[in-house]
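# Descriptive analysis of the structure
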Amino acid sequence: MNQQLQVRTMAEFMASGESPEILFWVGCAGSFDDRAKKITASIAKILHHCQISFAILGEEESCTGDPAKRAGNELLFQMMAMQNIQVLNAYEVKKIVTGCPHCFNTIKNEYPQLGGSYDVVHHSELINSLIREGRIQLKDGGEFQGKKITFHDPCYLGRGNNVYEAPRELLSELDADLVEMKRSRAKGLCCGAGGAQMFKEAEPGNKEVNIERTEDALETKASVIATGCPFCNTMMTDGIKHFEKEAEVVVKDIAELIAGQLNS
Amino acid sequence: MAQIAFLILLSIAAFFVVKRFRFVRRNILLGRKISLEGDKKDRWDTMFLVALGQGKMFTRPLAAIMHLFIYVGFVIINIEIIEILIDGIFGTHRVLSFLGPVYSFLIASFEILALLVLVACVVFLARRNIINIKRFHMREMTSWPKSDANLILIAEVFIMSAFLLMNASDQQLQKLGVDHYAAVGSYPVSSLLLPLIEGWSESTLIFVERFTWWFHIVAIFAFMVYITYSKHLHIILAFPNTYYSKLQPAGYLDNLESVTREVKLMLDPNADPFSAPADGATPARFGAKDVFDLSWVQLMGAYSCTECGRCTSECPANQTGKLLSPRKIMMDTRDRMEEIGKIMDANGGEWKDDGKALIGNFITEEELWACTSCNACTQACPVNINPLEIIIDLRRYLILEESKSPESIKVMFTNIENNGAPWAFPASERAAWRNA
């Protein structure tokens, strides 16, 4: 695990006169949320495993502005966007991998008009292509062999950007039994966190959205709920706690599932 | 005499249709102008796939097939209208019968389609009124939207029945060798009705044939006028609505250009804050308070909505009992446009502020704050209407003009402003995960 500590920032690369292959955009959840930090570490571990030279922005990274924009605060969003674009352009960043579908969507789709055009991929796409290129070796007979895994589509990855297959393809590498929820892919139900809901109480209703979604997941009898978004992860984990199923079901990011099976 | 009556009826129908179309068009153009991006070919492709090809209907197969019967039936049987119009105006009878075998083929296809339309209408009536399908019985499905749907279906049942009965009596008259009724056409469906009318006298048959002919065409005229007042307008607006629908990934939300100018001024120390924007297009307000602040494409979306409720049935907020219903967002937008249009008509085309707005009088803040922006509604819409963009524009007004939001949202904004993150963590701890 020591390897993970050696993650350099863009500034450090710059100071030594080097430039990395790819920028890893960690995101706020990945930086500050204790659960999501483990996902961040897993992505870094995979990048190390593939000997990819990558950097983070560290202190120079800021919120992309996604939750502000979706809550209606376009002014705050564009201020964040332009500051981030200034930083990214100053470092002449070309390729970005994000650990969060919200950052992915915002940088990929909304930054170009504001002067920030990069080749942006979500970590599920990057990990999947690394597997296809043969750069990731997984242990034989890993711990998920024969276990049921279900994948919860994050809205901003699936419907938002039509990435449905990459996470499923990489999960199939685990030799697990991939089972679909009754609502999946384009019909997948939201976890309830998007559109700035993560940062407020839900409006009055008769149920929380994450409970409704957790029911879908539990119906599949899967022992692992895989997802590709730190916010979905929080919502589904809370759902599992609600049903007191922590002993039987775990919620894992696809990066964690792959990182845990690396043959190294 | 009959020809004059026919022309008068046709003119009355055309007058009302044109009048209503101008009203709807004017209302839609109350919206903001927008510049269209993207390739025209992509727009045509979307229209062919989604509107003409019904591409998004097929996620629900039964409804899709029934709808396809009515859709194809409507389009194809309308060829028959050409003949009826010519016959009506010039006093001819089955003028296209000179086409011979082609004519027989056409009439046979019309009959089969008419039967399929009848089947579909009966199934749809049952789905709406007997089988309890949740999306047809929600809060916004008040008496008019429910009656509207039933009226259309019942009208189609009558129109198709009249068509088949007309053909049956015509056929019987042909068999009897009555003058004027030359033996033309092929009648695979209406011939099944022959046993019912076999014993009828010649004059009764002529009366029934003429009556159903008139009933059929008058009902079609009435229907033409009716759909312009109804959710059924989607049969026309589905085409432009899909053409003008968003080409970017669903996750993309537009960046307000007026805000971009403000932000550039703020970030650029050399900018002259008093210089006028180059294009002089400073908007009256940020975001949308009323329909005037929405784009004309968004307003056209509201008139394109046929209230099927697929958006609402897929909405995570609605499914968990929240007030939000994307269908209601579209219906409210349309109802507000109708209201404004009527006020304008009453004032010689001038808008007199009635003190009401889309936000508050139609759509409440509680509805707006329940949205997770998940795009389930836009994905579900068979004609690519986008309720999400309207929700976001209304939220933009609440935030940028009125600073109104749940307290915790304000806290999130403050955190982003101060710490560059939605939570109160300092930027200096951003890379602390490396030591975890």
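All of these numbers come straight from a predicted model, not from anything done at the bench.

### Describing the overall build of chain A
From N to C terminus, chain A includes eleven helices and nine strands. Over its C-alpha trace chain A gives a radius of gyration of 18 Å, about what one expects of a compact globule, namely 18 Å for 264 residues. For chain A, the spread of C-alpha atoms along the three principal axes comes to 50 × 50 × 30 Å. When contacts within chain A are restricted to residue pairs at least 6 apart in sequence, long-range pairs at least 24 apart make up 79% of them.

### Focus: the overall build of chain B
Looking only at helices and strands, chain B has 18 helices and zero strands in total. Projecting the C-alpha coordinates of chain B onto the three principal axes gives extents of approximately 95 × 55 × 40 Å. In chain B, buried positions account for 39% of the 436 residues. Excluding contacts between residues fewer than 6 apart, the proportion of contacts in chain B whose partners are at least 24 apart in sequence is 79%.

### Things to note about the domain arrangement of chain B
Residue and element names in this part refer to chain B. Considered domain by domain, chain B is made up of domain 1 (2-243) and domain 2 (257-419). The centre of domain 1, based on its C-alpha atoms, is set 36 Å off from the matching centre of domain 2. At the interface, 31 residues of domain 1 touch 30 residues of domain 2. Elements that contribute at least two residues to the side of domain 1 that touches domain 2 include exactly α1 (2-28), α2 (40-52) and α8 (234-243). Residue contributions to the side of domain 1 that touches domain 2 peak at six residues, all from α8. The residue makeup of the side of domain 1 that touches domain 2, split by class, is 16 nonpolar, six polar and nine charged.

### Some words on the interface of chain B and chain A
Counting residues at the interface gives 59 residues for chain B, matched by 59 residues for chain A. When residues of the side of chain B that touches chain A are traced back to their parent elements, those giving at least two are α9 (257-267), α12 (316-319), α15 (365-369), α16 (376-380), α17 (387-400) and α18 (407-419) of chain B. For the side of chain B that touches chain A, the per-class residue count stands at 33 nonpolar, 17 polar and nine charged.

### Observations regarding the sheet that holds strand β8 (residues 224-227) of chain A
Sheet strands associate in pairs through backbone hydrogen bonding, adopting either a parallel or an antiparallel arrangement. Residue and element names in this part refer to chain A. Within the open sheet, the four strands sit side by side as β7-β6-β8-β9. Their pairing is parallel. Two strands bound the open sheet, and with one partner strand each, they are β7 (177-179) and β9 (250-253). Within the sheet, the average angular offset between the axes of one strand and its neighbour, ignoring direction, is 35°. Relative to β7, strand β6 (residues 148-151) runs parallel, the two being bridged by three bridges. Pairing of K148 across the sheet is with D177, part of β7. Helix α10 (residues 230-242) rests against β8 and β9 of the sheet, and its axis sits at about 170° to β9.

### Remarks on the domain arrangement of chain A
For interface size, the figure often reported is the accessible area lost on association. All names here are of chain A. Examined at the domain level, chain A breaks down into domain 1 (2-129) and domain 2 (139-259). For domain 1 and domain 2, the distance between their C-alpha centroids amounts to 23 Å. The partner domain 2 presents 27 residues to the 26 residues of domain 1 that form the contact. For the side of domain 1 that touches domain 2, the secondary-structure elements that each account for two or more residues are α2 (28-32), α3 (34-49), α4 (66-70), α6 (101-110) and α7 (123-132). In terms of residue class, the side of domain 1 that touches domain 2 is built from eleven nonpolar, nine polar and six charged.

### What about the pairing of β8 of chain A?
Looking down a regular strand, the side chains alternate between one sheet face and the other. Residues and elements named next belong to chain A. Burial along β8 is two-sided: V224 and A226 facing one way and I225 and T227 facing the other are all buried. As judged from the three bridges shared by β6 and β8, these two strands associate in the parallel manner. In the strand pairing of β8, T150 is matched with I225. Note: β8 against β9, four bridges, orientation parallel. Across the sheet, residue A226 finds its bridge partner in β9, namely K252. Handedness of the crossover joining β8 and β9 through α10: right-handed.

### A few points about the nonpolar core
Of all hydrophobic cores here, the largest spans 148 residues; its most connected members are F24, L171 and I258 of chain A together with L394 of chain B. If sequence neighbours within four positions are ignored, L394 of chain B has contacts with G287, A288, I359, I363 and L368 of chain B. If you look at the next biggest cluster of nonpolar residues, it comprises 31 residues, including L106, L113, L118 and F163 of chain B.

### Structural notes on α6 of chain A
Residues and elements named next belong to chain A. Judged by how many residues are buried, α6 sits mostly within the fold: ten of ten residues are covered. P101, H102, C103, F104, N105, T106, I107, K108, N109 and E110 are the residues of α6 that are buried. Of the surrounding elements, those touching the buried residues of α6 are β2 (22-25), α4, α5 (74-90), β4 (95-98) and β5 (119-122).

### A closer look at the packing of helix α3 (residues 61-90) of chain B against helix α4 (residues 101-129) of chain B
All names here are of chain B. Between α3 and α4, whose axes approach to 8 Å, the crossing angle comes to 145°. By crossing handedness, the relation of α3 to α4 is classed as left-handed. Between α3, through M66, F69, I70, V72, G73, I76, I77, I79 and E80, and α4, the contact on the second element is made entirely by L106, S109, F110, L113, A114, L116, V117, V119, A120, V123 and F124. Per-class residue counts for the contact of α3 with α4 are 17 nonpolar, two polar and one charged.

### Details of the sheet that holds strand β3 (residues 54-56) of chain A
Residue and element names in this part refer to chain A. What the five strands build is an open sheet, ordered β1-β3-β2-β4-β5; its pairing is parallel. Looking at the sheet topology across the chains shown, the edges are occupied by β1 (8-9) and β5. The sheet contact formed by β2 and β4 spans three bridges and is parallel. Note on β4: the bridge partner recorded for W25 is T98.

### Looking at unusual backbone geometry
Residues and elements named next belong to chain A. Although it is not a glycine, E92 adopts a positive phi angle of roughly 50°. Note that E92 resides in the loop between α5 and β4. A residue is classified by how many C-beta atoms lie within 10 Å of it, and E92, with 9 of them, is exposed.

### Brief notes about α10 of chain A
All names here are of chain A. For α10, built from 13 residues, the straight-helix expectation of 18 Å at 1.5 Å per residue is met to within 8% by its first-to-last C-alpha distance of 18 Å. Judged by how many residues are buried, α10 sits mostly within the fold: ten of 13 residues are covered. Here α10 has its buried residues at P230, F231, C232, N233, T234, M235, M236, T237, G239 and I240. Of the surrounding secondary structure, the elements contacted by the buried residues of α10 are α2, α3, α9 (209-219), β8 and β9. E244 sits one or two positions beyond α10 and adopts a positive phi of about 50°.

### Remarks on the environment of A162 of chain B
Residues and elements named next belong to chain B. Checked against the element boundaries, A162 lands in helix α5 (residues 143-175). On a C-alpha basis, the gap between A162 and H216 in space is 5.7 Å, while along the polypeptide they are 54 residues apart. Aside from chain neighbours lying at most four places away, what touches A162 is T212, F215, H216 and A219.

### As for the environment of S190 of chain B
Residue and element names in this part refer to chain B. Structurally, the position occupied by S190 is in the loop between α5 and α6 (194-197). Through-space distance from the C-alpha of S190 to that of S161 is 9.7 Å; in sequence the pair is 29 residues apart. Beyond its immediate sequence surroundings of up to four residues, S190 is in contact with E111, L164, N167, A168 and Q171.

Conventions and cut-offs
- Residues numbered from 1 in each chain as written.
- Chains lettered and ligands numbered in written order.
- Predicted model: local features only at pLDDT ≥ 70, side-chain atom pairs only at ≥ 80, totals over all residues.
- Helix = DSSP H or I, 4+ residues; strand = E, 2+ residues; numbered from the N terminus.
- Rg over C-alpha atoms; globule rule 2.2 N^0.38 Å.
- Contact = placed C-beta atoms within 7 Å.
- Buried ≥ 20, exposed ≤ 12 C-beta atoms within 10 Å, placed from the backbone.
- Domains from an automatic or database assignment.
- Nonpolar A, V, L, I, M, F, W, Y, C, P; charged D, E, K, R; others polar.
- Pairing = 2+ DSSP bridges.
- Axes fitted to C-alpha atoms, helices over the stretch in contact; angles between N-to-C directions.
- Right-handed = clockwise from strand over helix to strand, strands pointing away.
- Core = buried A, V, L, I, M, F, W, Y, C linked by C-beta atoms within 7 Å.
- Left-handed = near helix turned anticlockwise from the far one by under 90°.
- Expected span 1.5 Å × (residues − 1).

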